[in-house]
Amino acid sequence: MCILMKKLNSIYIIDDDPITVFGIRKMLKAITICKDITEFENGRVALEALKQRVEQGLPCPDVIFLDINMPIMDGWEFLEELVSLNIRERIIINVITSSIDPIDYKRWNEFRLKCWHYLNFKNKPLYKIEPTDLSRVHMAS
Amino acid sequence: MKTSETLIPPYFLKQFPSATAVVGKDGVLVDATHSWFQIFEAETSSGKPIHMYFKGQVELTKNQLNQYLFGTKEKTFRHAKMDQDQELWYESTSSPWFDEEENLLGCFIHTQEITELVQNELELERISSHLKAKSEVAKIGSWEYDIATEELFWCEETKKIHQVAPDYVPTISEGIGFYKQGYSRNRIAMLFHNIVENGTPYHEKLTIITKKGEERWVAAAGKAIRKDGEIAKIFGTFQDIHDQVMADKKIRESEQLLNTLIDNLPINVFVKDKDSRKILVNKAECEYLGTTPEALLGKTDFDLYDKHVAQISRDEDLEVMRTMEPMIGRETINVRKDGSTTNFLTSKIPILDLNGKANGIIGMSMDITNIKQKEEQLRNLINVTAIQNKKLINFAHIVSHNLRSHTANFSMLLDFLIRETDEKEKKRIMKMLFHASDNLLDTLENLNEVVDISTNVNLDKKSLNLSENITKMQQNLSAFLEEHQVEFENFVPDDLMVLSVPAYLESILLNLVTNAVKYRHPDRSPLIELRAVKQDKHVHFSVSDNGLGIDLKRYGDKIFGMYKTFHNNKDARGLGLYIIKNQLEAMDGSISVSSEADKGSTFNVYFNEETE
């Protein structure tokens, strides 16, 4: 087992709970080097920021941590909008929820099948972020 | 003596008054009267063998003739001849002819026409066999009693009915003894006495016990026959009517059973003819229409029910008679002339005549008004239950989700804490843990508030003055309202009362007004318009603002949901609307919203004013 410090250009954390955001930041510190970690407290502000990035021709974030239950615009609505944006890059999106409702898992699976991006499903509590949550390319290759 | 001497002179024989012939021992005709020759259509010449003369006669052979003629005893025989399609019958009697010494010389033949007699005999035979057959077929026996001789005669059939042997000879006391002891025997004894004494005829249905011990119903009749004014004979008939009586009895019993059944069925039964006129109604139908069977017979539905309902019923009748298919268990609504309605479960069955054509219907209607009402209540109950169930599931999800998110945070933070070595970082994590604990307590408090509403079964609704409560709310919120320079336009009538739990009304007013201020438009100071109007069964209270408005297309179904906030507002708990919706529903009221983004929102509250 070889743990490599993965270098990433940009990460979005979309979650209205400051404790979870704190947790994700702390866990990321242990596995990756990334100078650009931005947090958003709901889907709407994240989407606006993303749109701006695309308009300015900047590269999209490599990884997004996405909460489901949020005010204004929730995780599902955000995903719906993201799909319609037609972004060429494949973003790794980690859907994070405390919900254990099977309906949420089903919905995630539907998005996974129709979405161009890589979708992971992670239940809270989180203890650790795996390399596969950050990259799809095989480390050894 | 010589034969020739004993011969009867021809002139002598010729003078015989009846047709007579004399035949010699040798079988040759000696002589005959003129009338005899006429019968046998022969020349008045003798000297031929006797059978030659009989040749034209039918029903007689030569051998038979010889046997008849040449015996030592007198013999009578019949013969016939055809005369122009008519059969003429004769009877000849031969008697031996002896001389003085008893020597047989031959025989005499006397012949006379008996056509009429034979015909009478045939007729009699025909009549008697006819009578016998008739008596056998109709099972009608006859009897005759001779007053003088006290002799009783029973015909064959009468004996058969009594099951006695054909050679049985009854006496009158035996005859009466066959009747069943008790009513039948007493009755027949009296009737017989009367007919003998006074000639009173009778016809009576009584029971006998036959020779074999069987009890059977008979029809016994008697009629006196008078001779010179005196009763000479009693003639009577005797008929086995047992099967008939039993069948009649059975029919009557079945009829009785059927009538009892139809009358006491707890459903309305009616029979209609092809013009839909009632021709039979049972007790239940009469009771339903509050009248007697006599008043209903011949009536149509148009006479009894509302015109519209009657037409539907008539159409059903016609359809059933046309298709000859029964209509089974259709739910119908009947409206009587007085306007009262009844729900029925109705079946109509076509009645077919002997040619297989429908000429009426049998109808059965069961009153299901009560069942229908129960069904309606049940359906309402199911609806309420379904709504409550949905609410409960929704609530369970909220609870599990919210509690789970806090515990997940605890778990994560504790995991960090255990592994952390840096004291400064440890302190930071501890601070986070306290924060998580506060959040959990807040959530629990919120949930408690919701549970309180849902479990508040014994609502203490009171009639409250809306205007006074609004003033109270404004006083309580005075600092807050002043801070945001809120203006009110209050159109609520001073005397308008609403039925509500006091604490709920307070909560509703507080939440709606603070919401209106919280989601105010950044470009203008908040203006809140309050209106209330008493409607049929509720009070409609509305709170309108000039705030941000809500995109209802997007959030319409979620606005009253728990933990749903739609504006980027730090104060939003996503609980206020959820709670007042629950409070209103607990009081059988409701709340709805209309809104336009950037213009403002109006919340419409309906207080239920019906007291149960």
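Since this is a predicted model, take the numbers as computed values, not measurements.

A. The overall build of chain A, seen in detail. When helices and strands are tallied, chain A shows four helices and five strands. In chain A, the succession of α and β elements from N to C terminus is β-α-β-α-β-α-β-α-β. Since a compact globule built from 141 residues should have a radius of gyration of about 14 Å, the 14 Å found for chain A is in line with a globular shape. Principal-axis analysis of the C-alpha atoms places the extent of chain A at approximately 40 × 35 × 30 Å.

B. Structural context of the overall build of chain B. Counting its regular elements, chain B contains 21 helices and 22 strands. Here chain B has a C-alpha radius of gyration of 60 Å; the compact-globule value for 612 residues is 25 Å, and the former is much larger. Structurally, chain B occupies a C-alpha span of about 195 × 65 × 45 Å along its principal axes. Restricting to contacts in chain B with at least 6 residues of sequence separation, those with at least 24 account for 51%. Summed over its atoms, the accessible surface of chain B is roughly 36,600 Å², and 53% of this surface lies on carbon and sulfur atoms. For chain B, the distance from the average site of its 73 positive side-chain charges to the average site of its 93 negative ones is 5 Å.

C. Region of the structure containing the interface of chain A and chain B. Counting residues at the interface gives 25 residues for chain A, matched by 28 residues for chain B. Carbon and sulfur atoms make up 53% of the area that chain A and chain B hide from each other, which totals about 2,400 Å². Counting the surface chain A buries against chain B, the share from its top three residues, I19(A), F22(A) and I72(A), is 29%. In this structure, the connection of chain A to chain B is made through two salt bridges. Taking the shortest distance from any N to any O, the salt bridge between E425(B) and K26(A) comes out at 3.2 Å. Viewed at the interface, chain B and chain A are joined by seven residue pairs in polar contact (both at pLDDT 80 or more). With six residues, helix α1 (residues 18-31) of chain A is the largest single contributor of residues to the side of chain A that touches chain B. In terms of residue class, the side of chain A that touches chain B is built from 10 nonpolar, seven polar and eight charged.

D. How the structure looks around helix α6 (residues 115-138) of chain B. All names here are of chain B. The end-to-end C-alpha separation of α6 is 34 Å, in line with the 34 Å expected for 24 residues at 1.5 Å each. Those residues of α6 that are buried are in contact with β3 (75-83), β4 (86-98), β5 (104-113), β6 (140-146) and α7 (156-162). Just downstream of α6 lies K139, where phi reads positive at about 55°.

E. Main features of the packing of helix α2 (residues 43-55) of chain A against helix α3 (residues 75-84) of chain A. All names here are of chain A. Where α2 contacts α3, the two axes come as close as 9 Å, and the packing angle between them is 20°. With respect to α3, the element α2 is oriented roughly parallel. The way α2 lies across α3 gives a crossing that is right-handed. Contacts between α2 and α3 involve G43, A46, L47 and L50 from the first element and F78, E81 and L82 from the second. Looking at the contact of α2 with α3 residue by residue, the class counts come to five nonpolar, one polar and one charged.

F. Spotlight on the nonpolar core. Counting residues in hydrophobic clusters, the biggest one holds 46 residues, and the most contacted among them are L466(B), L512(B), F541(B), F603(B) and F607(B). A total of eight residues in this core trace back to one element, the largest contributor, which is helix α19 (residues 502-518) of chain B. Setting aside chain neighbours within four positions, we find F541(B) in contact with L466(B), I470(B), V492(B), L509(B), L530(B), R531(B), A532(B), F603(B), N604(B), V605(B) and F607(B). Membership of the second largest hydrophobic core comes to 26 residues, among which are I11(A), I92(A), M432(B) and A436(B).

G. Just unusual backbone geometry, in detail. Along the chain, K124(A) connects to P125(A) via a cis peptide bond; the corresponding omega equals 0°. Examined against the element boundaries, P125(A) turns out to sit in the segment after β5 (118-123). Here the phi dihedral of E150(B) falls at roughly 60°; this positive angle occurs in a residue that is not glycine. Judged by relative accessible area, E150(B) falls into the exposed class, the value being 58%. Although it is not a glycine, D588(B) adopts a positive phi angle of roughly 65°.

H. Representation of the pattern of salt bridges within the structure. All names here are of chain B. Under the definition given, this model contains 39 salt bridges over all chains. The shortest N-O distance in the salt bridge between E157 and K160 comes to 4.0 Å. Residue E157 and its partner K160 are both found in helix α7; the two are separated by three residues, about one turn of the helix. For E157, a relative accessible area of 6% puts it in the buried group. Between D240 and R216 there is a salt bridge, with the nearest N and O atoms lying 3.0 Å from each other. Here D240, found in strand β10 (residues 230-240), pairs with R216, found in strand β9 (residues 215-227); they are 24 residues apart in sequence, far enough to count as distant. For R216, a relative accessible area of 18% puts it in the buried group. Connected through salt bridges with shared partners, the residues K272, K278, E285, D301, E316, D317, R330 and K348 form a single ionic network.

I. Up close: the side chain of N282(B). All names here are of chain B. Its place among the elements puts N282 in the loop between β12 (278-281) and α11 (283-289). Owing to a relative accessible area of 0%, N282 belongs among the buried residues under this scheme. At 3.0 Å, the side chain of N282 and the backbone nitrogen of V269 are in polar contact. If sequence neighbours within four positions are ignored, N282 has contacts with I262, D263, L265, I267, N268 and V269.

J. Region of interest: a nonpolar patch on the surface. Nonpolar side chains collect at one region of the surface, where L378(B), L381(B) and I382(B) lie side by side and expose about 310 Å² of accessible area between them. Relative to the assigned elements, I382(B) resides in helix α15 (residues 369-419).

K. View of the sheet that holds strand β22 (residues 600-608) of chain B. Residue and element names in this part refer to chain B. Pairing is mixed across the open sheet formed by five strands, whose spatial order is β17-β19-β20-β22-β21. Both edges of this open sheet fall to β17 (487-490) and β21 (590-596), since each of them pairs with a single strand only. Strand-to-strand, the axes of this sheet are offset by a mean angle of 15°, without reference to chain direction. Looking at chain direction, strand β19 (residues 527-534) and strand β20 (residues 538-544) are connected through six bridges and run antiparallel. Bridge pairing in β20 links V533 to H540.

L. Focus on the domain arrangement of chain B. The assigned domain composition of chain B is domain 1 (3-113), domain 2 (126-246), domain 3 (266-372), domain 4 (383-454) and domain 5 (462-608). A separation of 92 Å is found between the C-alpha centroids of domain 1 of chain B and domain 3 of chain B.

M. Structural context of the packing of aromatic side chains. What the rule picks out here adds up to 21 aromatic pairs over all chains. Judged by centre distance (6.3 Å) and plane angle (75°), the rings of F22(A) and F416(B) are edge-to-face. Taken as a pair, F22(A) in helix α1 and F416(B) in helix α15 lie in two separate chains rather than in one. The burial state of F22(A) is the same as that of F416(B); both residues are buried. The lysine or arginine in question, K278(B), covers the ring of F270(B), its NZ or CZ lying 4.8 Å from the ring centre. Its end group placed over the ring of F491(B), R531(B) keeps NZ or CZ at 4.2 Å from the ring centre.

Rules used throughout
Residues numbered from 1 in each chain as written. Chains lettered and ligands numbered in written order. Predicted model: local features only at pLDDT ≥ 70, side-chain atom pairs only at ≥ 80, totals over all residues. Heavy atoms only, no water. Helix = DSSP H or I, 4+ residues; strand = E, 2+ residues; numbered from the N terminus. Rg over C-alpha atoms; globule rule 2.2 N^0.38 Å. Contact = heavy atoms within 4.5 Å. Areas by Shrake-Rupley, 256 points an atom, 1.4 Å probe, with all protein chains shown as cover. Lys, Arg positive; Asp, Glu negative; His and termini not counted. Charge placed at Lys NZ, Arg CZ, Asp CG, Glu CD. Buried area = accessible area lost by both parts, 1.4 Å probe. Salt bridge = Lys/Arg side-chain N within 4 Å of Asp/Glu carboxyl O. Polar contact = N/O pair within 3.5 Å; in protein donor to acceptor, adjacent residues only side chain to side chain. Nonpolar A, V, L, I, M, F, W, Y, C, P; charged D, E, K, R; others polar. Expected span 1.5 Å × (residues − 1). Axes fitted to C-alpha atoms, helices over the stretch in contact; angles between N-to-C directions. Parallel < 35°, antiparallel > 145°, perpendicular 65-115°, else oblique. Left-handed = near helix turned anticlockwise from the far one by under 90°. Core = buried A, V, L, I, M, F, W, Y, C linked by side-chain atoms within 4.5 Å. Buried < 20%, exposed > 50% of the residue type's maximum accessible area, 1.4 Å probe, protein only. Patch = residues over 30% accessible without salt bridge, like charges linked within 9 Å, V, L, I, M, F, W, Y side chains within 5 Å. Pairing = 2+ DSSP bridges. Domains from an automatic or database assignment. Phe/Tyr/Trp six-rings, centres within 6.5 Å; stacked < 30°, edge-to-face > 60°. Lys NZ or Arg CZ within 6 Å of the ring centre and 35° of its normal.

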